[in-house]
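For reference, the chains in residue letters:
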Amino acid sequence: MKLAEVAQINPPRPRNLGLSGDEPTFFVSMSAVDDLTGMIKSPELKPFGEVCRGYTYFEEGDVLFAKITPCMQNGKHTIASGLTNGFGFGSTEFHIIRPGPSITAEWIHFYVRRPEVLSDAANHFKGAVGHQRVPSEYLENLELPLPPLETQRRIAAILTEQMGAVEKARKAAEDGLEAARKLTAAHLRAVFESEEARGWPGRLAREIGVVSGGIQKTPQRKPSAFHKPFLTVRNVQNGWIDLSNVERFEVTPEELERYRLVRGDLLIVEGNGSRGHIGRCAIFHGEIEDCVHQNHLIRLRCHETASPTYLFWYLASPDGRKQLLEKAKTTTGLYTLSVSKIEALEVPLPPLETQHRIVAELNAKLEATQALIRSLEAQLEAIRALPAAILRRAFSGEL
């Protein structure tokens, strides 16, 4: 059957809903709909007078179908239930599907969430790129199987149970992933906030290494025949050097000698005002020959008494991050580092032998942590794929 033969698409709202302007009314924004389960996770109650104009009207048991990209493809489609006063309002980016007597809302809801339907609907988008929408005509002409109501309810009950199990599995995987991501901070805290660490002498960064800035690009620079690899902020990620897009830059022989990176140099992001990016750092391991760096990266080249990897782990620890942010904060509320601020960092510095032991222990623990995180991420990805597989089985007659 065509959907328009068994349901109303965007039915008109009643003329008089009989509510005063301040009456609490059910409201569903697009963000309130969970894209994996198709459930309304966070509905709101808003004054009737605030939502009765300019928003989409729906009633108890209606199916809300997100028509705009990418919400449509992501599965933000749901059934309106538990509504105050039996009706509500929501985003204007919902199509409303009201089931007729021969079809259930659950049957429509599960059918339109099938990957095949969502993919086909995307082929019928209208509008400008970035604001494309599924026209109501697509839903009106959408063909779907129509078994007896008893069969619809039986299959819908199985699907509801299975989707509930998927949601529990997803929640467990997300909780496990969140806990695993906190392990890194816990391992670092156990080292740098330990009783042993309290006995280590504090040393300023300028005492344990040479801190320097990089090359600044200016319009007044004279051309040079030396085109060398040039690392910028985007190349320095949390703990690793991203070499997927490395610029080349003209430098003089004197600049090459002064700014050339050597194995073991610690590169620290000066920042762009953002709290999250400030102090991001990574160790240069000699990945590129004759490589220099820009002025927004601060280089710390350790003396023989300090391990760059030990220093990296300290700066990544909660205590190190706290110190970086305190020194980076400006009077305007932004965050930025400088050579002098890095030089003034105080690092708890045990003997070199102890540093090497700590690095070895942390590397082993954090490698295991990363393996756990990768495993949980793969598990979560597999769980996210389950609803599509379940729906394929249901509508191919396997339930």
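Our subject in this report is the structure included herewith.

What counts, and at which threshold
- Residues numbered from 1 in each chain as written.
- Predicted model: local features only at pLDDT ≥ 70, side-chain atom pairs only at ≥ 80, totals over all residues.
- Heavy atoms only, no water.
- Helix = DSSP H or I, 4+ residues; strand = E, 2+ residues; numbered from the N terminus.
- Buried < 20%, exposed > 50% of the residue type's maximum accessible area, 1.4 Å probe, protein only.
- Polar contact = N/O pair within 3.5 Å; in protein donor to acceptor, adjacent residues only side chain to side chain.
- Contact = heavy atoms within 4.5 Å.
- Axes fitted to C-alpha atoms, helices over the stretch in contact; angles between N-to-C directions.
- Parallel < 35°, antiparallel > 145°, perpendicular 65-115°, else oblique.
- Nonpolar A, V, L, I, M, F, W, Y, C, P; charged D, E, K, R; others polar.
- 1 Å grid on protein atoms, 1.4 Å probe; cavity = no way out; pocket = protein on both sides within 12 Å on 5 of 7 lines; lining within 4 Å.
- Points joined across faces, edges and corners; volume = space filled by probe spheres on them.

This next bit is on the side chain of threonine 37. Take threonine 37: it is sitting in the loop between strand E2 (24-28) and strand E3 (44-47). On the basis of relative accessibility, which here comes to 10%, the residue threonine 37 falls in the buried class. In terms of polar contacts, threonine 37 uses its side chain to reach the backbone amide nitrogen of methionine 39, at 3.4 Å. Each residue touching threonine 37, except ones within four places of it in the same chain, is listed here: His109, Arg113, Glu167 and Arg170.

The geometry of helix H10 (residues 308-316) relative to helix H11 (residues 318-328) is characterised by a closest axis approach of 4 Å and an angle of 75° between their N-to-C directions. For the element pair H10 / H11, the angle class is roughly perpendicular. Together, Tyr314, Leu315 and Ala316 of H10 and Pro318, Asp319, Gly320, Arg321, Gln323 and Leu324 of H11 make up the contact between the two elements. Partitioning the contact of H10 with H11 into residue classes produces five nonpolar, two polar and two charged.

If a probe as big as a water molecule is rolled over the atoms, it shows which places are left empty. A volume near 630 Å³ is recorded for the largest pocket. Surrounding the largest pocket, 22 residues form its lining, Thr184, Asn238, Phe312, Trp313 and Ala316 being those nearest its centre. Those elements that place two or more of their residues in the lining of the largest pocket are helix H7 (149-192), H10 and helix H13 (352-394). Among the elements that line the lining of the largest pocket, the one with the most residues is H13, at five residues. Residue classes in the lining of the largest pocket are distributed as 10 nonpolar, eight polar and four charged. The space that makes up the second largest pocket amounts to roughly 360 Å³. Taken together, 15 residues line the second largest pocket, and the ones lying closest to its centre are Thr37, Gly38, Met39, Ile79 and His109.

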